[in-house]
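Structure at a glance
Each chain, letter by letter, is given below.
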Amino acid sequence: MRYLYLLILLLLPFFFLAEVSVAQDDNSSDDNDREQVVRIVRFTGNSAVSDAALSTLVRTRNNREFLGIPRFTPWYYIYQLVGVGESPALLNRETVGSDIERIRLYYENLGYFEASVDTTIVEYRPERYEVSFIIDEGNLSRIQSVAYTGFPDFQDNDNLVSNFLNQSEYAGNFENDSTFSVNEPYRAQKLREEQSRIIDFLKNNGFAAVQRDSVRALIKRDQDDPYKLDVLYSIRPGNFYTFGDVHIQLAGPEGNGEYDESITVDDSGYAEQGFAIYMDKQDETNTKFDLLTEQLQFRAGESFDQSAYLRSVNSYQNLGMLLINRFGLNEDDSLPDFTKENIPVFFDLQTLPKHSIRTEFFGMRRYGFGTGVGLNYNNNNLLGRAENLTLALNTNLEFVTSNTLNEISPVDEDGNRVTSGSAIFQSYEFRVEYALPRLNRPLRFLSNAPWIESARTRYSLSYSQSNQLFFDINSDVRFNLRYELRHSQRYQSLIDVFELDVVDTDPSTQFRQNLINEFGETSLEFLRIQEDFRPQFSSVIRYTLRAQNTNLIKRDYGYFSEVSLALAGNLPYLLDRYIITAGEIEGELPSPLRISTNALAYSRFVKLSADYRRYFSLTTNAVAAFRFFGGYAHPIAQSDNIPLNRRFFAGGSNDIRGWSPFRLGPGSIPPEEVTIPGGEIKLAAFSEFRQTFMKNVLSADWYFAWHTDAGNVWYGPGNQFIDEQETDLLADGRFRIQEFYKQIAVGSGLGIRLDWEFIVARFDITYRIHDLEEGWFENSQRYFSFGIGHSF
C-alpha cells in the first residue's frame, strides 16, 4: 500500500496544477463560452435518508471521486491536461429542478408527506459551482392497520384467502379475519409489493382480467393524529376464467413452409372434457409430440393460473433445443379476449439446428511453449426429446528446452545434475456428455415436486492420457451423474450421485530420483509423497446449494453463495469389504475393466466448503466487492489422508493474488520445502474496489481496481505424519487456533478491468503485504496476473 500512497502523493501536484490552469483558462475566456462545472454536491437537513442514498437519486453530480476522497477527481484532471479521461460535469439548472422533485417524491414514498426541498447554487470560484439540496423532512407517518375487502368467494377452498393473508408482510396481530394491526412506518414500496401480491394471487386462481387498478390501496388519516394511517385494499376481481384450447406449432430451423404433421390430444391427463391441445410440426424438427405436451404445467379447460402458464414458457426455454418465437393468450399479438370465459393459449416454437461442430486452437506456457487443438461435436436433440449429446476431443503438445530440463533435473550422488536433451510432452482427452432436461432415475420421483421449477440430468464420461515433466498419467477415467435442480431464479441445487475417478499415474525417473536424493529411499517423506502419486480410485457423493441475485459477468450488485458437502470413498470401500475380498479390508482395489495393471488406492473422507460473495454499489460508477471462503476436509474410518486432487490449494489469479497457483502454504512452510502439497483446511478473504474511469473506449468500459487478498491452507488434524522420534513433521503447516492468524498471507495491489458486454479482461499487479517468508512490507517485488472475468 505504501506504493499506492506514494503514487497519489506524486500525482497530487499535477492535479493541482491542472485545476489552477483550468481556472486561469476560464478567466481568460469570454463569459458566453465559459463552462459551469459542478465540483461539489451537498445535502443538508436529511437525517432519515443518507447522503449516499440521495446521491443515487439526483442527476446533478460532480465528477467521479477516486476512492471516495472529496473533490479528488483524477479522471477529470487528466481530461483537462491531455483530453483523455472524464469530461467535466456541467451544471444544468433544469436537471437541478427535476432533482428537487425526485427527492421530494422519494421522501413522500417513505412516509414524509410534508417534506420540502429547496436548493442553493453557489459559484465559490470562477466557473466552479457548489450545488446544495436543502431538505426539511417533516414528520413521519405510520400505518396503524391494513385491511382487505372484495376478495372473491373460493367455494372449493375455504382456507385459500386466509392462507394467503397469513403470508402477507403485514401479517401479525389480527383485529378481525381481514384486518391486521400493524404500527409501522409508511412505505409506498411495501404497499405496492402487497398490491402486486394480491394481483398475482387472483391471476393464479382464475381471475385473469385483474389489472393494477383492480386493486387499490385507500389511505385514511386518523382524526386525532394525522400522522397515523389506516390502509384498506379495495379489490375488484372481475370475472372467473379457465384455460381454453392450447395451440402449439413447431417449425424447423429454417422456419418456413407448411406443417407436415398434426395431432390433437384430449385425454384427461392434458385436457378437461370438451377441450384439447392442437399441435403442428414440420418433419425437419425431429421432435416427438409428447415432449411438447410434457412441458405444459396446466391442463386445457382448468381454471386459469398465470404462474402455471409462465412456468410452461420457462419449461420450453429450458429445453435448450428450440426458440420461442411467440407465446400469448390470443391468436394474434393483441390482449386476451376477456368477453369469453375460456382463454386459449398459443405457442409458436422453432427448433435450433440439430448438429454443430466447433474447433478451437490455443497456446500454452508452462515449463515450455505449447499448442493445442480441440474438436467438439454437439447434437441438441438426439432422440427427439431434447437429449443433448456432446463429443469432445482435445490434445496438446508442449516443447521444453534442454536448458529448462537441466535446471530441474535430479542430482546424482556426487551432487552433479543429470543432463538431458529437450523433450516434447503431449496429452489428449476424449469426453462424452449426455444431458436431458428432466430427472432420470433414481430421482425421477421428484419430477413433479412443487419446489422444483426445472431439472436436468447430466451424464459425463472422459478418458485422458498425458506425459508430464514429473509424472505420467497412464489413464484417467472419469464418470459423473449429476442432477441440476432449479428451485427459483435465485436458488439451485446440484446433486452429484456418482462422481467416479480412476487415475493411474507413474512418477517420472527424474521426479523419483529427486525425492530419493532429498529424503532417502526409506524415509517417511518419500513414502508419503509416493502415496500421493499412487494410482487412485475416487468416488464422491456431493450436494451443493447455490444462491445468487447478481449478474455473473458484471458482478456489480447483489450476492453469490455456494455451500457444498461431500462424502467420498464409500463405493470402493463397499467393493473392498463385501465383494473383492469379502470380510477383509485391503485398502486397495484391482483396476476396473483392466484399465490399469496397478492396484488402486482409495480414501474415505468428508469435505465441506462455503463460499460467499457480496457486491455493493457505492455510486453509479463504483463497486465494492467482498468474498469469504472456508473449507474443511477430514479423513474417516481407516483412512489417514485426503487424495491430492481433493485437497484445498491457495494462490493464483483467481485466488490469493501475488502467489503462483498451488504455491502458497500449507501454513508457513516455504514452497521449496513443501513435501505434501495442499491442505485440509482453507480460510480466505478477498476485497476489491472498482471505479469506472473511461467509458466506451475500444468498445469497453475501463475500471480502475484496488484489491486485497488474504488467506492460506493448512494441514488438518486428520493428516498425521509422525517419525520414529514422535516428531510431527507437518508442524509448520498444521492449523492451530493460537497460531493460524500469523500464517495469513496478504497481497494487495492495483489493476485495470476492460469490461465489454459479455466478457471482462483483468490485469493486476500485486505486492506481498505479508510474505510468510520475509514478513510484513518486506517484499518489494511486483507480481503480475491476468484473467478473464472478475476474480470473484
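So, here's what we can say about the structure. (Residues numbered from 1 in each chain as written. Predicted model: local features only at pLDDT ≥ 70, side-chain atom pairs only at ≥ 80, totals over all residues. Heavy atoms only, no water.)

Quick word on the overall build of the chain
Tallying secondary structure elements over the chain gives twelve helices and 32 strands in all. A sequence separation of at least 24 residues applies to 64% of the contacts in the chain between residues at least 6 apart. Total accessible area on the chain stands at roughly 40800 Å², and carbon and sulfur atoms take up 52% of it. (Helix = DSSP H or I, 4+ residues; strand = E, 2+ residues; numbered from the N terminus. Contact = heavy atoms within 4.5 Å. Areas by Shrake-Rupley, 256 points an atom, 1.4 Å probe, with all protein chains shown as cover.)

Quick look at the pattern of salt bridges
Side-chain pairing between opposite charges can occur once the charged atoms of the two side chains come close. Under the counting rule described, the total for this entry stands at 35 salt bridges. Residue Glu-387 is joined to Arg-438 by a salt bridge in which the shortest nitrogen-to-oxygen separation is 3.5 Å. Of the two residues, Glu-387 sits in the loop between β15 (369-379) and β16 (388-400) while Arg-438 sits in the loop between β17 (423-436) and β18 (454-467), which places them 51 residues apart along the sequence. With relative accessibility at 19%, the residue Arg-438 sits in the buried group. (Salt bridge = Lys/Arg side-chain N within 4 Å of Asp/Glu carboxyl O. Buried < 20%, exposed > 50% of the residue type's maximum accessible area, 1.4 Å probe, protein only.)

A word on a negative patch on the surface
There is a patch of like negative charges on the surface, built from Glu-672, Glu-673, Asp-732, Glu-773, Glu-774 and Glu-778. Looking at the element boundaries, Glu-673 is found in the loop between β26 (622-635) and β27 (681-697). (Patch = residues over 30% accessible without salt bridge, like charges linked within 9 Å, V, L, I, M, F, W, Y side chains within 5 Å. Lys, Arg positive; Asp, Glu negative; His and termini not counted. Charge placed at Lys NZ, Arg CZ, Asp CG, Glu CD.)

Re the sheet that holds strand β4 (residues 142-149)
As summarised here, the arrangement of the five strands in space is β5-β6-β4-β8-β7, forming an open sheet in which the pairing is mixed. Edge positions in the sheet fall to β5 (173-176) and β7 (215-221), since each has one partner strand and no second. Each neighbouring strand pair of the sheet contributes to a mean axis angle of 30°, computed without reference to strand direction. Here seven bridges tie β7 to strand β8 (residues 228-235), and the two strands are oriented antiparallel to one another. Its bridge partner lying in β8, Lys-220 is registered against Asp-230. The strands touched by helix α6 (residues 188-203) are β4, β6 (179-185), β7 and β8; relative to β8, the strand with the most contacts, the crossing angle is about 20°. (Pairing = 2+ DSSP bridges. Axes fitted to C-alpha atoms, helices over the stretch in contact; angles between N-to-C directions.)

Comments concerning the packing of aromatic side chains
Given two aromatic rings, their pairing is described by the distance between the two centres and the angle made by the two planes. By the definition in use, this model includes 33 aromatic pairs. We note Arg-221 situated over the ring of Phe-113; from NZ or CZ to the ring centre the distance is 5.3 Å. The lysine or arginine in question, Lys-607, covers the ring of Phe-648, its NZ or CZ lying 4.6 Å from the ring centre. (Phe/Tyr/Trp six-rings, centres within 6.5 Å; stacked < 30°, edge-to-face > 60°. Lys NZ or Arg CZ within 6 Å of the ring centre and 35° of its normal.)

Observations regarding the pairing of strand β13 (residues 342-351)
Along β13, seven of the ten residues are buried, which leaves the element largely enclosed by surrounding structure. Bridge count for strand β9 (residues 242-251) against β13 is eight bridges, and the pairing is parallel. When the bridges of β13 are listed, His-247 appears paired with Phe-346.

Here we look at the sheet that holds strand β2 (residues 116-125)
Pairing is mixed in the open sheet, where three strands are placed in the order β1-β3-β2. The open sheet has two edge strands with one neighbour each: β1 (37-44) and β2. Direction aside, neighbouring strands of the sheet carry axes that sit 20° apart on average. In this structure, β2 lies alongside strand β3 (residues 128-136), joined through nine bridges in antiparallel fashion. Bridged to Glu-123 within β3 is Tyr-129.

So, the environment of Gly-652
With respect to the helices, strands and loops of the structure, Gly-652 is situated in the loop between β26 and β27. Look past the residues within four positions of Gly-652 in its chain and what remains in contact with it is Arg-657, Trp-659, Ser-660 and Pro-661.

A look at unusual backbone geometry
Between Arg-441 and Pro-442 the backbone carries a cis peptide bond, its omega angle lying at 10°. Along the chain, Pro-442 falls in the loop between β17 and β18. Phi at Phe-662 is positive, roughly 65°, even though this residue is not glycine. Note that Phe-662 resides in the loop between β26 and β27.

Details of a nonpolar patch on the surface
A cluster of nonpolar side chains, Ile-759, Phe-763, Ile-765, Phe-784, Phe-786 and Ile-788, forms an exposed patch at the surface whose accessible area comes to about 570 Å². When residues of the nonpolar patch are traced back to their parent elements, those giving at least two are β30 (760-771) and β32 (782-788). Ranked by residue count, the leading element in the nonpolar patch is β32, at three residues. Relative to the elements of secondary structure, Ile-759 occurs in the loop between β29 (745-755) and β30.

Quick notes on the nonpolar core
Counting residues in hydrophobic clusters, the biggest one holds 31 residues, and the most contacted among them are Val-246, Ile-248, Tyr-316 and Phe-347. Residue assignment for this core shows that the elements contributing at least two residues are β9, β11 (277-281), α7 (289-294), α8 (306-318) and β13. Residues Leu-160, Val-161, Val-182 and Phe-201 belong to the second largest nonpolar core, which totals 26 residues. (Core = buried A, V, L, I, M, F, W, Y, C linked by side-chain atoms within 4.5 Å.)

Observations concerning α6
For α6, built from 16 residues, the straight-helix expectation of 22 Å at 1.5 Å per residue is met to within 8% by its first-to-last C-alpha distance of 23 Å. Those residues of α6 that sit buried are Ala-188, Leu-191, Glu-194, Gln-195, Ile-198, Ile-199, Phe-201, Leu-202 and Lys-203. Looking at the packing, one finds that the buried side of α6 touches α4 (93-109), β4, α5 (160-166), β7, β8 and α8. (Expected span 1.5 Å × (residues − 1).)

Details of the pairing of β6
The pairing of β4 with β6 spans five bridges and is classified as antiparallel. Directly across from Arg-142, in β6, lies its bridge partner Pro-185. As paired elements, β5 and β6 share three bridges and run antiparallel to each other. Paired with Phe-174 across the bridge in β6 is Phe-180. In this antiparallel pair of consecutive strands, β5 and β6, the connection spans two residues.

A closer look at the side chain of Asp-755
Summarising the element assignment, Asp-755 is placed in strand β29. At 2.8 Å, the side chain of Asp-755 forms a polar contact with the side chain of Lys-554. If we ignore the near neighbours within four places in the chain, the residues touching Asp-755 are Lys-554, Ala-700, Asp-701, Tyr-703 and Val-760. (Polar contact = N/O pair within 3.5 Å; in protein donor to acceptor, adjacent residues only side chain to side chain.)

Let's talk about the environment of Tyr-434
Tracing the sequence through the fold places Tyr-434 in strand β17. Leaving out residues up to four positions away in the same chain, Tyr-434 has contacts with Leu-382, Leu-383, Glu-387, Asn-388, Thr-457, Arg-458 and Tyr-459.

Observations concerning helix α12 (residues 570-580)
Listed as buried for α12 are Pro-572, Tyr-573 and Asp-576. The buried residues of α12 all sit within an arc of 110° when viewed along its axis, so they share a single face. Opposite the buried face of α12, by more than 90 degrees, sit the exposed residues Tyr-578 and Ile-579. Residues of α12 that are buried in the fold lie against β21 (536-548) and β23 (588-589). (Arc of directions from axis to C-beta.)

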